[in-house]
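Spelled out from the first residue to the last, the chains are:
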Amino acid sequence: MASTSQPGIYLYKGKNKDGKPVQGEITGINVTVIKAQLRKQGVVTSSVRKKPRPLFKRSKPIKPQDIALFTRQMATMMKAGVPLVQSFEIVAEGIENEKMKTLISQIHKDVSAGLGFAPALRKYPRHFDDLFCSLIEAGEQSGSLEAMLDRVATYKEKNEALKRKIRKAMTYPTAVIAVGVIVTGILLVRVVPVFASTYQDFGADLPAFTQLVVRLSEFAQRWWLAGVAAIMALAISVREARLRSQGFADRLDRLLLKIPIVGNILYEAVVSRFARTLSTTFAAGVPLIDSLTSVSGAAGNAVFRDAVLQVRDEVATGLQLNTALRSTGLFPIMLLQLTAIGEESGSLDEMMEKAAAHYEESVDHQVDNLTTLLEPLIMSVLGVLVGGLLIAMYLPIFNLGRVIG
(Lines give C-alpha, C1' and ligand atoms only; values in the text may rest on other atoms or scores of the structure.)
Protein backbone atom coordinates (compact mmCIF):
# COMPACT_ATOMS: atom_id res chain seq x y z
CA MET A 1 0.00 0.00 0.00
CA ALA A 2 1.43 3.40 -1.03
CA SER A 3 2.37 5.84 1.67
CA THR A 4 0.11 8.83 2.05
CA SER A 5 2.58 10.87 4.09
CA GLN A 6 3.12 14.45 3.05
CA PRO A 7 6.63 15.29 1.77
CA GLY A 8 8.79 17.24 4.20
CA ILE A 9 12.19 18.93 4.29
CA TYR A 10 15.03 16.98 5.94
CA LEU A 11 18.55 17.99 7.02
CA TYR A 12 21.32 15.48 6.36
CA LYS A 13 25.02 15.07 7.08
CA GLY A 14 27.41 12.50 5.67
CA LYS A 15 30.33 11.86 3.30
CA ASN A 16 30.43 11.75 -0.48
CA LYS A 17 32.28 9.29 -2.73
CA ASP A 18 35.59 11.07 -2.08
CA GLY A 19 35.14 10.84 1.67
CA LYS A 20 34.58 14.57 2.06
CA PRO A 21 31.91 15.74 4.54
CA VAL A 22 28.70 17.06 2.99
CA GLN A 23 25.47 18.43 4.38
CA GLY A 24 22.31 20.00 3.06
CA GLU A 25 18.53 19.86 2.69
CA ILE A 26 16.41 17.41 0.73
CA THR A 27 12.68 16.84 0.30
CA GLY A 28 11.18 13.40 0.92
CA ILE A 29 8.44 11.40 2.60
CA ASN A 30 10.46 9.89 5.48
CA VAL A 31 13.99 9.18 6.73
CA THR A 32 14.22 5.76 5.04
CA VAL A 33 13.36 7.17 1.62
CA ILE A 34 15.77 10.08 2.13
CA LYS A 35 18.66 7.71 2.97
CA ALA A 36 17.90 5.62 -0.11
CA GLN A 37 17.89 8.73 -2.33
CA LEU A 38 21.19 9.93 -0.92
CA ARG A 39 22.72 6.46 -1.24
CA LYS A 40 21.94 6.53 -4.96
CA GLN A 41 23.79 9.85 -5.15
CA GLY A 42 26.86 8.32 -3.49
CA VAL A 43 26.34 9.95 -0.10
CA VAL A 44 26.85 7.86 3.04
CA THR A 45 24.70 9.55 5.69
CA SER A 46 25.68 9.92 9.31
CA SER A 47 22.47 11.71 10.34
CA VAL A 48 19.10 12.56 8.77
CA ARG A 49 16.49 14.53 10.65
CA LYS A 50 13.41 16.52 9.78
CA LYS A 51 13.99 20.25 9.53
CA PRO A 52 12.39 21.93 12.56
CA ARG A 53 9.80 24.59 11.98
CA PRO A 54 10.48 28.06 13.44
CA LEU A 55 8.38 28.65 16.54
CA PHE A 56 7.03 32.02 15.44
CA LYS A 57 7.14 31.61 11.68
CA ARG A 58 4.20 33.25 9.92
CA SER A 59 3.20 31.52 6.72
CA LYS A 60 2.75 33.81 3.74
CA PRO A 61 -0.60 33.81 1.96
CA ILE A 62 -0.84 32.69 -1.66
CA LYS A 63 -0.85 35.77 -3.89
CA PRO A 64 -1.74 36.12 -7.58
CA GLN A 65 1.98 36.56 -8.29
CA ASP A 66 2.57 33.07 -6.88
CA ILE A 67 -0.05 31.62 -9.23
CA ALA A 68 1.52 33.45 -12.20
CA LEU A 69 4.97 32.11 -11.27
CA PHE A 70 3.61 28.58 -10.85
CA THR A 71 1.96 28.73 -14.29
CA ARG A 72 5.15 30.01 -15.94
CA GLN A 73 7.27 27.30 -14.30
CA MET A 74 4.81 24.58 -15.35
CA ALA A 75 4.86 25.92 -18.91
CA THR A 76 8.67 25.90 -18.92
CA MET A 77 8.85 22.35 -17.58
CA MET A 78 6.40 20.99 -20.14
CA LYS A 79 8.08 22.85 -23.01
CA ALA A 80 11.31 21.14 -21.96
CA GLY A 81 9.58 17.77 -22.36
CA VAL A 82 9.10 17.01 -18.65
CA PRO A 83 5.90 14.97 -18.01
CA LEU A 84 3.07 16.78 -16.24
CA VAL A 85 3.23 14.77 -12.99
CA GLN A 86 7.00 15.14 -12.71
CA SER A 87 6.70 18.87 -13.46
CA PHE A 88 4.66 19.32 -10.27
CA GLU A 89 7.44 17.72 -8.21
CA ILE A 90 10.19 19.88 -9.72
CA VAL A 91 8.21 23.12 -9.39
CA ALA A 92 7.19 22.36 -5.79
CA GLU A 93 10.82 21.86 -4.73
CA GLY A 94 11.72 25.39 -5.82
CA ILE A 95 8.78 27.10 -4.07
CA GLU A 96 9.57 28.86 -0.77
CA ASN A 97 5.97 29.75 0.16
CA GLU A 98 4.79 26.83 2.29
CA LYS A 99 1.11 27.34 1.48
CA MET A 100 1.86 27.43 -2.23
CA LYS A 101 4.01 24.31 -1.90
CA THR A 102 1.13 22.53 -0.14
CA LEU A 103 -1.32 23.63 -2.84
CA ILE A 104 0.94 22.26 -5.60
CA SER A 105 1.36 19.00 -3.68
CA GLN A 106 -2.43 18.60 -3.41
CA ILE A 107 -2.91 19.26 -7.14
CA HIS A 108 -0.07 16.83 -7.85
CA LYS A 109 -1.77 14.16 -5.76
CA ASP A 110 -5.11 14.64 -7.58
CA VAL A 111 -3.52 14.50 -11.03
CA SER A 112 -1.45 11.44 -10.06
CA ALA A 113 -4.68 9.74 -8.97
CA GLY A 114 -6.10 10.14 -12.48
CA LEU A 115 -7.97 13.45 -12.19
CA GLY A 116 -7.49 15.87 -15.07
CA PHE A 117 -5.40 19.00 -14.62
CA ALA A 118 -8.37 21.38 -15.04
CA PRO A 119 -10.70 19.44 -12.67
CA ALA A 120 -7.88 19.38 -10.09
CA LEU A 121 -7.55 23.17 -10.38
CA ARG A 122 -11.32 23.68 -10.07
CA LYS A 123 -11.14 22.29 -6.53
CA TYR A 124 -9.37 25.54 -5.54
CA PRO A 125 -11.54 28.37 -6.98
CA ARG A 126 -9.97 30.86 -4.60
CA HIS A 127 -6.70 30.64 -6.54
CA PHE A 128 -7.80 29.44 -9.98
CA ASP A 129 -10.83 31.24 -11.44
CA ASP A 130 -13.20 29.92 -14.11
CA LEU A 131 -11.23 31.60 -16.89
CA PHE A 132 -7.97 29.97 -15.82
CA CYS A 133 -9.56 26.52 -15.52
CA SER A 134 -11.44 26.84 -18.81
CA LEU A 135 -8.26 27.67 -20.70
CA ILE A 136 -6.38 24.75 -19.16
CA GLU A 137 -9.31 22.49 -19.99
CA ALA A 138 -9.26 23.70 -23.60
CA GLY A 139 -5.53 22.93 -23.75
CA GLU A 140 -6.06 19.43 -22.38
CA GLN A 141 -8.87 18.65 -24.81
CA SER A 142 -6.94 19.93 -27.84
CA GLY A 143 -3.70 18.20 -26.85
CA SER A 144 -1.82 21.51 -26.64
CA LEU A 145 -1.50 21.85 -22.87
CA GLU A 146 2.09 23.13 -22.93
CA ALA A 147 1.22 25.89 -25.45
CA MET A 148 -1.87 26.79 -23.43
CA LEU A 149 0.12 26.94 -20.19
CA ASP A 150 2.54 29.34 -21.88
CA ARG A 151 -0.34 31.52 -23.08
CA VAL A 152 -2.04 31.50 -19.67
CA ALA A 153 1.28 32.31 -17.96
CA THR A 154 1.78 35.29 -20.26
CA TYR A 155 -1.79 36.42 -19.57
CA LYS A 156 -1.31 36.21 -15.80
CA GLU A 157 2.07 37.98 -15.93
CA LYS A 158 0.71 40.83 -18.05
CA ASN A 159 -2.33 41.14 -15.82
CA GLU A 160 -0.24 41.30 -12.64
CA ALA A 161 2.14 43.81 -14.23
CA LEU A 162 -0.85 46.00 -15.06
CA LYS A 163 -2.10 45.78 -11.48
CA ARG A 164 1.33 46.81 -10.20
CA LYS A 165 1.24 49.89 -12.41
CA ILE A 166 -2.17 50.88 -11.04
CA ARG A 167 -0.97 50.36 -7.47
CA LYS A 168 2.09 52.46 -8.26
CA ALA A 169 -0.15 55.29 -9.45
CA MET A 170 -2.20 55.17 -6.24
CA THR A 171 0.39 54.28 -3.60
CA TYR A 172 2.81 57.21 -3.89
CA PRO A 173 0.34 60.10 -3.49
CA THR A 174 -1.60 58.19 -0.83
CA ALA A 175 1.57 57.55 1.19
CA VAL A 176 2.77 61.15 0.95
CA ILE A 177 -0.64 62.56 1.90
CA ALA A 178 -0.83 60.15 4.85
CA VAL A 179 2.59 61.28 6.06
CA GLY A 180 1.51 64.92 5.69
CA VAL A 181 -1.66 64.33 7.70
CA ILE A 182 0.30 62.53 10.44
CA VAL A 183 2.93 65.28 10.67
CA THR A 184 0.25 67.98 10.74
CA GLY A 185 -1.64 66.07 13.44
CA ILE A 186 1.48 65.74 15.59
CA LEU A 187 2.18 69.46 15.26
CA LEU A 188 -1.40 70.36 16.21
CA VAL A 189 -1.62 67.95 19.15
CA ARG A 190 1.91 68.17 20.59
CA VAL A 191 3.77 71.24 19.35
CA VAL A 192 1.14 73.99 19.02
CA PRO A 193 -0.11 73.61 22.66
CA VAL A 194 3.43 74.30 23.93
CA PHE A 195 3.60 77.56 21.96
CA ALA A 196 0.04 78.50 22.97
CA SER A 197 0.88 78.01 26.66
CA THR A 198 3.99 80.16 26.32
CA TYR A 199 2.12 83.00 24.63
CA GLN A 200 -0.66 82.83 27.22
CA ASP A 201 1.88 83.50 29.99
CA PHE A 202 2.94 86.70 28.24
CA GLY A 203 -0.66 87.90 28.07
CA ALA A 204 -0.25 89.25 24.56
CA ASP A 205 -3.01 89.41 21.96
CA LEU A 206 -2.29 86.77 19.35
CA PRO A 207 -2.58 87.44 15.59
CA ALA A 208 -5.77 86.17 13.95
CA PHE A 209 -3.85 83.48 12.02
CA THR A 210 -2.26 82.17 15.20
CA GLN A 211 -5.61 82.18 17.02
CA LEU A 212 -7.09 80.09 14.18
CA VAL A 213 -4.28 77.52 14.48
CA VAL A 214 -4.67 77.39 18.28
CA ARG A 215 -8.39 76.70 17.92
CA LEU A 216 -7.60 73.95 15.40
CA SER A 217 -5.12 72.54 17.90
CA GLU A 218 -7.71 72.53 20.68
CA PHE A 219 -10.20 70.80 18.38
CA ALA A 220 -7.57 68.21 17.35
CA GLN A 221 -6.62 67.50 20.99
CA ARG A 222 -10.24 66.90 21.89
CA TRP A 223 -11.32 64.87 18.86
CA TRP A 224 -8.21 63.28 17.31
CA LEU A 225 -8.97 59.82 18.68
CA ALA A 226 -12.56 59.97 17.45
CA GLY A 227 -11.32 61.20 14.07
CA VAL A 228 -8.90 58.29 13.68
CA ALA A 229 -11.64 55.83 14.70
CA ALA A 230 -14.07 57.41 12.22
CA ILE A 231 -11.54 57.13 9.35
CA MET A 232 -10.83 53.49 10.17
CA ALA A 233 -14.55 52.72 10.47
CA LEU A 234 -15.23 54.42 7.12
CA ALA A 235 -12.45 52.45 5.39
CA ILE A 236 -13.70 49.14 6.83
CA SER A 237 -17.31 49.99 5.99
CA VAL A 238 -16.47 50.80 2.37
CA ARG A 239 -14.48 47.58 2.00
CA GLU A 240 -17.22 45.44 3.54
CA ALA A 241 -19.95 47.20 1.56
CA ARG A 242 -18.07 46.54 -1.66
CA LEU A 243 -17.74 42.86 -0.80
CA ARG A 244 -21.32 42.37 0.38
CA SER A 245 -23.32 44.74 -1.84
CA GLN A 246 -23.08 44.37 -5.61
CA GLY A 247 -24.98 47.63 -6.11
CA PHE A 248 -22.52 49.59 -3.96
CA ALA A 249 -19.55 47.96 -5.74
CA ASP A 250 -21.03 48.91 -9.11
CA ARG A 251 -21.56 52.54 -8.08
CA LEU A 252 -18.01 52.70 -6.71
CA ASP A 253 -16.61 51.33 -9.99
CA ARG A 254 -18.49 54.00 -11.96
CA LEU A 255 -17.23 56.70 -9.60
CA LEU A 256 -13.60 55.56 -9.94
CA LEU A 257 -13.72 56.00 -13.72
CA LYS A 258 -14.81 59.66 -13.24
CA ILE A 259 -11.85 60.66 -11.06
CA PRO A 260 -9.69 63.20 -12.94
CA ILE A 261 -6.45 61.77 -14.37
CA VAL A 262 -6.61 58.57 -12.29
CA GLY A 263 -9.95 57.68 -13.88
CA ASN A 264 -8.38 57.71 -17.36
CA ILE A 265 -5.60 55.40 -16.18
CA LEU A 266 -8.15 52.99 -14.74
CA TYR A 267 -10.20 53.22 -17.96
CA GLU A 268 -7.28 52.28 -20.20
CA ALA A 269 -6.23 49.55 -17.77
CA VAL A 270 -9.68 47.95 -18.03
CA VAL A 271 -9.62 48.27 -21.84
CA SER A 272 -6.23 46.58 -21.87
CA ARG A 273 -7.51 43.77 -19.64
CA PHE A 274 -10.54 43.35 -21.93
CA ALA A 275 -8.35 43.04 -25.02
CA ARG A 276 -5.84 40.72 -23.33
CA THR A 277 -8.53 38.37 -22.02
CA LEU A 278 -10.40 38.26 -25.33
CA SER A 279 -7.17 37.56 -27.21
CA THR A 280 -6.20 34.75 -24.85
CA THR A 281 -9.59 33.01 -24.85
CA PHE A 282 -10.21 33.38 -28.59
CA ALA A 283 -6.73 32.05 -29.46
CA ALA A 284 -7.43 29.06 -27.19
CA GLY A 285 -10.31 28.08 -29.44
CA VAL A 286 -13.05 29.23 -27.07
CA PRO A 287 -16.16 30.34 -29.05
CA LEU A 288 -16.63 34.11 -29.20
CA ILE A 289 -19.84 34.09 -27.15
CA ASP A 290 -18.17 32.08 -24.38
CA SER A 291 -15.08 34.28 -24.64
CA LEU A 292 -17.17 37.40 -24.06
CA THR A 293 -18.75 35.77 -21.01
CA SER A 294 -15.27 35.15 -19.59
CA VAL A 295 -14.17 38.67 -20.50
CA SER A 296 -17.12 40.21 -18.65
CA GLY A 297 -16.07 38.43 -15.46
CA ALA A 298 -12.41 39.38 -15.87
CA ALA A 299 -13.02 43.05 -16.72
CA GLY A 300 -12.75 44.09 -13.08
CA ASN A 301 -15.18 46.99 -13.48
CA ALA A 302 -18.98 47.00 -13.35
CA VAL A 303 -19.37 49.49 -16.21
CA PHE A 304 -17.38 47.31 -18.59
CA ARG A 305 -18.92 44.11 -17.26
CA ASP A 306 -22.41 45.32 -18.16
CA ALA A 307 -21.19 46.62 -21.53
CA VAL A 308 -19.50 43.32 -22.45
CA LEU A 309 -22.60 41.35 -21.50
CA GLN A 310 -24.62 43.66 -23.74
CA VAL A 311 -22.10 43.06 -26.55
CA ARG A 312 -22.34 39.30 -26.00
CA ASP A 313 -26.13 39.37 -26.38
CA GLU A 314 -25.90 41.45 -29.56
CA VAL A 315 -23.21 39.21 -31.08
CA ALA A 316 -25.41 36.19 -30.30
CA THR A 317 -28.09 37.71 -32.55
CA GLY A 318 -25.64 37.88 -35.49
CA LEU A 319 -24.17 41.39 -35.07
CA GLN A 320 -20.47 41.85 -35.76
CA LEU A 321 -18.27 42.29 -32.70
CA ASN A 322 -16.92 45.72 -33.70
CA THR A 323 -20.45 47.00 -34.37
CA ALA A 324 -21.67 45.70 -31.01
CA LEU A 325 -18.70 47.29 -29.24
CA ARG A 326 -19.32 50.61 -31.00
CA SER A 327 -22.98 50.63 -29.93
CA THR A 328 -21.99 50.75 -26.24
CA GLY A 329 -20.21 54.09 -26.72
CA LEU A 330 -17.65 52.94 -24.16
CA PHE A 331 -14.69 51.54 -26.09
CA PRO A 332 -11.97 53.72 -27.68
CA ILE A 333 -11.73 54.22 -31.46
CA MET A 334 -8.42 52.42 -31.82
CA LEU A 335 -9.79 49.25 -30.23
CA LEU A 336 -12.85 49.38 -32.50
CA GLN A 337 -10.67 49.74 -35.60
CA LEU A 338 -8.38 46.87 -34.60
CA THR A 339 -11.43 44.72 -33.86
CA ALA A 340 -12.87 45.44 -37.33
CA ILE A 341 -9.53 44.60 -38.98
CA GLY A 342 -9.25 41.41 -36.94
CA GLU A 343 -12.73 40.27 -37.91
CA GLU A 344 -12.16 40.97 -41.61
CA SER A 345 -8.74 39.27 -41.70
CA GLY A 346 -9.61 36.37 -39.39
CA SER A 347 -6.89 37.40 -36.93
CA LEU A 348 -8.97 38.77 -34.06
CA ASP A 349 -6.68 37.30 -31.40
CA GLU A 350 -3.61 39.01 -32.91
CA MET A 351 -5.36 42.37 -33.19
CA MET A 352 -6.56 42.15 -29.59
CA GLU A 353 -3.01 41.29 -28.54
CA LYS A 354 -1.76 44.45 -30.26
CA ALA A 355 -4.50 46.52 -28.63
CA ALA A 356 -3.66 45.13 -25.19
CA ALA A 357 0.05 45.91 -25.67
CA HIS A 358 -0.77 49.46 -26.79
CA TYR A 359 -2.98 50.29 -23.82
CA GLU A 360 -0.62 48.61 -21.34
CA GLU A 361 2.16 50.84 -22.63
CA SER A 362 -0.13 53.86 -22.43
CA VAL A 363 -0.97 53.06 -18.80
CA ASP A 364 2.74 52.72 -18.03
CA HIS A 365 3.50 56.17 -19.49
CA GLN A 366 0.55 57.79 -17.71
CA VAL A 367 1.60 56.34 -14.37
CA ASP A 368 5.13 57.69 -14.81
CA ASN A 369 3.81 61.09 -15.85
CA LEU A 370 1.37 61.17 -12.95
CA THR A 371 4.14 60.44 -10.47
CA THR A 372 6.32 63.16 -12.02
CA LEU A 373 3.51 65.73 -11.90
CA LEU A 374 2.23 64.87 -8.44
CA GLU A 375 5.59 64.91 -6.70
CA PRO A 376 6.16 68.72 -6.78
CA LEU A 377 2.43 69.38 -6.26
CA ILE A 378 2.19 67.20 -3.16
CA MET A 379 5.45 68.57 -1.74
CA SER A 380 4.12 72.10 -2.24
CA VAL A 381 0.89 71.27 -0.39
CA LEU A 382 2.85 69.68 2.46
CA GLY A 383 5.12 72.70 2.57
CA VAL A 384 2.14 75.03 2.85
CA LEU A 385 0.56 72.92 5.60
CA VAL A 386 3.64 72.43 7.77
CA GLY A 387 5.16 75.81 6.94
CA GLY A 388 1.87 77.57 7.65
CA LEU A 389 1.64 76.00 11.11
CA LEU A 390 5.21 77.00 11.93
CA ILE A 391 4.69 80.56 10.68
CA ALA A 392 1.49 80.85 12.75
CA MET A 393 3.40 79.79 15.87
CA TYR A 394 6.38 82.09 15.34
CA LEU A 395 4.34 85.09 14.17
CA PRO A 396 3.61 86.37 17.72
CA ILE A 397 7.35 86.47 18.49
CA PHE A 398 7.62 89.60 16.36
CA ASN A 399 5.19 91.33 18.78
CA LEU A 400 6.85 90.13 21.98
CA GLY A 401 9.29 93.05 22.00
CA ARG A 402 6.48 95.58 22.30
CA VAL A 403 4.67 93.54 24.98
CA ILE A 404 7.77 93.09 27.14
CA GLY A 405 8.77 96.72 26.67
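**Some thoughts on a nonpolar patch on the surface**
A cluster of nonpolar side chains, namely Phe209, Leu212, Leu216 and Ile391, defines an oily patch on the protein surface of about 370 Å² accessible area. The element contributing the most residues to the nonpolar patch is helix 8 (residues 208-244), with three residues. Checked against the element boundaries, Leu212 lands in helix 8. Judged by its relative accessible area of 46%, Leu212 falls in the partly exposed class.

**A word on the packing of aromatic side chains**
All told, the structure shown has seven aromatic pairs when counted by the stated rule. When the centroid spacing of 5.7 Å and the interplanar angle of 50° are considered together, the rings of Tyr267 and Phe304 count as tilted. Of this pair, Tyr267 sits in helix 10 (residues 262-283) while Phe304 sits in helix 12 (residues 302-316), and the two are 37 residues apart along the sequence. Phe304 carries the same exposure label as Tyr267, and that label is buried. An aromatic cluster of three or more residues is present, and its members are Phe70, Phe88, Phe117, Phe128 and Phe132.

**Structural notes on the environment of Leu149**
Its place among the elements puts Leu149 in helix 7 (residues 145-202). Along the backbone, Leu149 and Met77 are 72 residues apart, and their C-alpha atoms lie at a distance of 10 Å. Here Leu149 is in contact with Thr71, Met74, Ala75, Met78, Phe117 and Ile136, once residues within four sequence places are set aside.

**A few points about the packing of helix 10 against helix 15 (residues 348-394)**
The geometry of helix 10 relative to helix 15 is characterised by a closest axis approach of 8 Å and an angle of 155° between their N-to-C directions. Classified by the angle their axes make, helix 10 and helix 15 are roughly antiparallel. The interaxial crossing formed by helix 10 with helix 15 has left-handed handedness.

**Some remarks on the pattern of salt bridges**
Evaluated as defined, the whole model comprises 13 salt bridges. A salt bridge links Glu240 to Arg239; its shortest N-O distance comes to 3.6 Å. Of the charged contacts in the structure, one is a salt bridge between Glu353 and Arg276, with a shortest N-O distance of 2.5 Å. With Glu353 in helix 15 and Arg276 in helix 10, the pair connects residues that are 77 residues apart, well separated along the chain.

**Thoughts on a positive patch on the surface**
Taken together, Lys60, Lys63, Arg164 and Arg167 make up a surface patch of like positive charges. Considering the arrangement of structural elements, one finds Arg167 in helix 7. On the basis of relative accessibility, which here comes to 40%, the residue Arg167 falls in the partly exposed class.

**With respect to the confidence of the model for the chain**
Here the chain averages 82 in pLDDT, and 93% of its residues register 70 or above. Averaged pLDDT values over the elements of the chain bottom out at 58 in helix 16 (residues 397-404) and peak at 91 in helix 14 (residues 333-345).

So, how was this worked out
- Residues numbered from 1 in each chain as written.
- Predicted model: local features only at pLDDT ≥ 70, side-chain atom pairs only at ≥ 80, totals over all residues.
- Heavy atoms only, no water.
- Patch = residues over 30% accessible without salt bridge, like charges linked within 9 Å, V, L, I, M, F, W, Y side chains within 5 Å.
- Areas by Shrake-Rupley, 256 points an atom, 1.4 Å probe, with all protein chains shown as cover.
- Salt bridge = Lys/Arg side-chain N within 4 Å of Asp/Glu carboxyl O.
- Helix = DSSP H or I, 4+ residues; strand = E, 2+ residues; numbered from the N terminus.
- Buried < 20%, exposed > 50% of the residue type's maximum accessible area, 1.4 Å probe, protein only.
- Phe/Tyr/Trp six-rings, centres within 6.5 Å; stacked < 30°, edge-to-face > 60°.
- Contact = heavy atoms within 4.5 Å.
- Axes fitted to C-alpha atoms, helices over the stretch in contact; angles between N-to-C directions.
- Parallel < 35°, antiparallel > 145°, perpendicular 65-115°, else oblique.
- Left-handed = near helix turned anticlockwise from the far one by under 90°.
- Lys, Arg positive; Asp, Glu negative; His and termini not counted.
- Charge placed at Lys NZ, Arg CZ, Asp CG, Glu CD.
- pLDDT = per-residue confidence, 0-100.

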